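Secondary and tertiary structure notes
Spelled out from the first residue to the last, the chains are:
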There are 2 protein chains.
Amino acid sequence: MSISSRFAVGIHILALIDLNKETASSSEFIAGSVNTNAAVIRKIMGMLKKAGLIDVQPGVAGAKLSRELSEITLFDIYKAVNVVEENELFSIHDKPHPDCVVGKNIQSTIEPIFMAAQSAMEKVFQNLTLEDIVKDIEAKEHIQ
Amino acid sequence: MSISSRFAVGIHILALIDLNKETASSSEFIAGSVNTNAAVIRKIMGMLKKAGLIDVQPGVAGAKLSRELSEITLFDIYKAVNVVEENELFSIHDKPHPDCVVGKNIQSTIEPIFMAAQSAMEKVFQNLTLEDIVKDIEAKEHIQ
DNA sequence: GTCCTTGTAACTACATTGATTACACGTTTA
DNA sequence: TAAACGTGTAATCAATGTAGTTACAAGGAC
């Protein structure tokens, strides 16, 4: 099992739009950098647009970030590309036997634990912004 | 996307083995409580056995926990049933374009973040044991 | 030896991912 | 205005993983 690379690609797209803001980043151009098909990029950009993270216009090349770099958290992107449903990272078997001590109680025992684990993971993304990503990329570029 | 219910079922199996320790818990019996097929249970129990969490013998009904309740963490079970590979909860698109500032650096920028997020999640399971689960189930049973 | 059990393999239906092609429709520009 | 380029989106495909099911070999208990 693995969470869709849409998340990583979403981050890539947004970072690229910012670092390439002098010229328009078409889906074709971005696809070249990500190394995939332009239609895949357009689909993900559609999700980012729907989430209010970028502004894109049908027919016109390029997209712009809707907010400041520092005001787009990785969690915003994570939610936008819809890789994990709310409180459904882990799945629990349904209809355990109600006449069994364990079967009767297991779901309500496990559920809050799974939710806590998912929250702990998501918190990491809430505390990071696109600015952190872009600065890290720029720093690496500077060294070389 | 969702992490396999093998994890939840694994917890269910171990809790049931403990709470039902007076009588032998055959795979058929456990399957009834979990509400699935006995072969599915045997497969998961095979994983738990391989991880050294339970003792089972071919041909003889029932299984026993290999350790104390308090010495089996949820993380042990999580690893045993193999629902998420080491540092591979999130996937990153491969072969981004090496001539692009973003493509060249995105993987090394994102990877440690994804690892941190996965670790944060796993830490929740490292801090909980089967004892916590069983006590919670017993407490619920007591109230009713 | 009979019966119950575990350990496995094989097969199925189903869902999701990511790539690909195709095309409608918007925008630009020559 | 017509051609060129770009976005939006649907349809299809191969690959993969999950969970259920059946079947059966082989171990152990009586």
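None of these values were measured; they are calculated from a predicted model.

Thresholds, definitions, all that
- Residues numbered from 1 in each chain as written.
- Chains lettered and ligands numbered in written order.
- Predicted model: local features only at pLDDT ≥ 70, side-chain atom pairs only at ≥ 80, totals over all residues.
- Heavy atoms only, no water.
- Near = heavy atom within 4 Å.
- Polar contact = N/O pair within 3.5 Å; in protein donor to acceptor, adjacent residues only side chain to side chain.
- Helix = DSSP H or I, 4+ residues; strand = E, 2+ residues; numbered from the N terminus.
- Nonpolar A, V, L, I, M, F, W, Y, C, P; charged D, E, K, R; others polar.
- Contact = heavy atoms within 4.5 Å.
- Buried area = accessible area lost by both parts, 1.4 Å probe.
- Salt bridge = Lys/Arg side-chain N within 4 Å of Asp/Glu carboxyl O.
- Buried < 20%, exposed > 50% of the residue type's maximum accessible area, 1.4 Å probe, protein only.
- Least-squares fit on C-alpha atoms with pLDDT ≥ 70 in both.
- Axes fitted to C-alpha atoms, helices over the stretch in contact; angles between N-to-C directions.
- Parallel < 35°, antiparallel > 145°, perpendicular 65-115°, else oblique.
- Left-handed = near helix turned anticlockwise from the far one by under 90°.
- Phe/Tyr/Trp six-rings, centres within 6.5 Å; stacked < 30°, edge-to-face > 60°.

For the rest of this paragraph, the subject is the protein's contact with DNA strand D. Around DNA strand D, the surrounding shell holds 23 residues, and the nearest of these are Ser27 and Arg42 of chain A together with Ser4, Ser5 and Thr36 of chain B. Lys49 of chain A is positioned such that a nitrogen or oxygen atom in its side chain is 3.0 Å from a phosphate oxygen of DNA strand D. Between DNA strand D and Ser5 of chain B there is a distance of 2.7 Å, counted from a phosphate oxygen to a side-chain nitrogen or oxygen. Those elements giving two or more residues to the surface near DNA strand D turn out to be helix H3 (38–50), strand S1 (54–57) and strand S2 (60–65) of chain A together with helix H3 (38–50) of chain B. Per-class residue counts for the surface near DNA strand D are eight nonpolar, 11 polar and four charged.

Frequently, the measure chosen for interface size is the accessible area that the parts lose on association. Residue-level contacts link 56 residues of chain A with 56 residues of chain B. At the boundary of chain A with chain B, total buried surface from both sides reaches about 4,600 Å², with 68% on carbon and sulfur atoms. Its largest share of buried area at the contact with chain B, chain A owes to Met1, His93 and Val102 of chain A, together 13% of the area lost on that side. Inspection of the region where chain A meets chain B yields zero salt bridges. Between the two partners, chain A and chain B, sit 22 residue pairs in polar contact (both at pLDDT 80 or more). Listed by contribution, the elements that provide at least two residues to the side of chain A that touches chain B are helix H1 (6–19), helix H2 (27–34), helix H4 (74–80), helix H5 (101–126) and helix H6 (130–143) of chain A. Take the side of chain A that touches chain B: its biggest share by element is 17 residues, from H5 of chain A. In terms of residue class, the side of chain A that touches chain B is made up of 34 nonpolar, 15 polar and seven charged.

Residue and element names in this part refer to chain A. One pass over the structure, following the stated rule, counts 10 salt bridges over all chains. When the shortest N-O distance is used, the salt bridge between Asp18 and Lys21 registers 3.2 Å. The exposed category is assigned to Lys21, whose relative accessible area is 58%.

To continue, consider the protein's contact with DNA strand C. Lining the immediate environment of DNA strand C, one finds 23 residues, of which Ser4, Ser5 and Thr36 of chain A together with Ser27 and Arg42 of chain B sit closest. Sugar and phosphate atoms constitute 65% of the interface atoms of DNA strand C, taking the interface as everything within 4 Å of the protein. Between DNA strand C and Lys49 of chain B, the relevant distance is 3.0 Å, taken from a phosphate oxygen to a side-chain nitrogen or oxygen of the residue. Separating a phosphate oxygen of DNA strand C from a backbone N or O atom of Gly62 of chain B is a distance of 3.5 Å. Elements with a contribution of two residues or more to the surface near DNA strand C: H3 of chain A together with H3, strand S1 (54–57) and strand S2 (60–65) of chain B. For the surface near DNA strand C, a count of residues per class yields eight nonpolar, 11 polar and four charged.

As a further point, take the relation of the copies chain A and chain B. Expressed as a screw operation, the relation of chain A to chain B combines 0.0 Å of axial shift with a rotation of 180°, fitting to an RMSD of 0.0 Å. Such a combination of turn and shift is consistent with a two-fold rotation axis. The position closest to the rotation axis in chain A is occupied by the C-alpha of Met121 of chain A, lying 2.5 Å away. In this assembly, 100% of the residues forming the interface of chain A have copies in chain B that are likewise at the interface, indicating an isologous arrangement.

Considering the arrangement of structural elements, one finds Ser33 of chain B in helix H2 (residues 27–34). Those residues within four positions of Ser33 of chain B in sequence are excluded, and the remaining contacts are Pro96, His97, Cys100 and Gly103 of chain A together with His12 and Leu16 of chain B.

Relative to each other, H6 of chain A and helix H5 (residues 101–126) of chain B sit at 120°, their axes nearing to 9 Å. By the angle between their axes, H6 of chain A is oblique relative to H5 of chain B. Helix-helix and strand crossings are classified by hand; for H6 of chain A and H5 of chain B the assignment is right-handed. Here H6 of chain A contributes Ile133, Asp136, Ile137, Lys140 and Glu141 of chain A to the contact with H5 of chain B, which in turn contributes Val101, Val102, Lys104, Asn105, Ile106, Ser108, Thr109 and Ile113 of chain B.

Moving on to the packing of aromatic side chains. Applying the stated criterion across every chain yields a total of 18 aromatic pairs over all chains. Measuring from centroid to centroid gives 6.0 Å for Phe90 of chain A and Phe7 of chain B, while their planes differ by 55°, and the two rings are tilted. Taken together, the residues span two chains, with Phe90 of chain A in the loop between H4 and H5 and Phe7 of chain B in helix H1 (residues 6–19). When sorted by exposure, Phe90 of chain A lands in the same class as Phe7 of chain B, which is buried.

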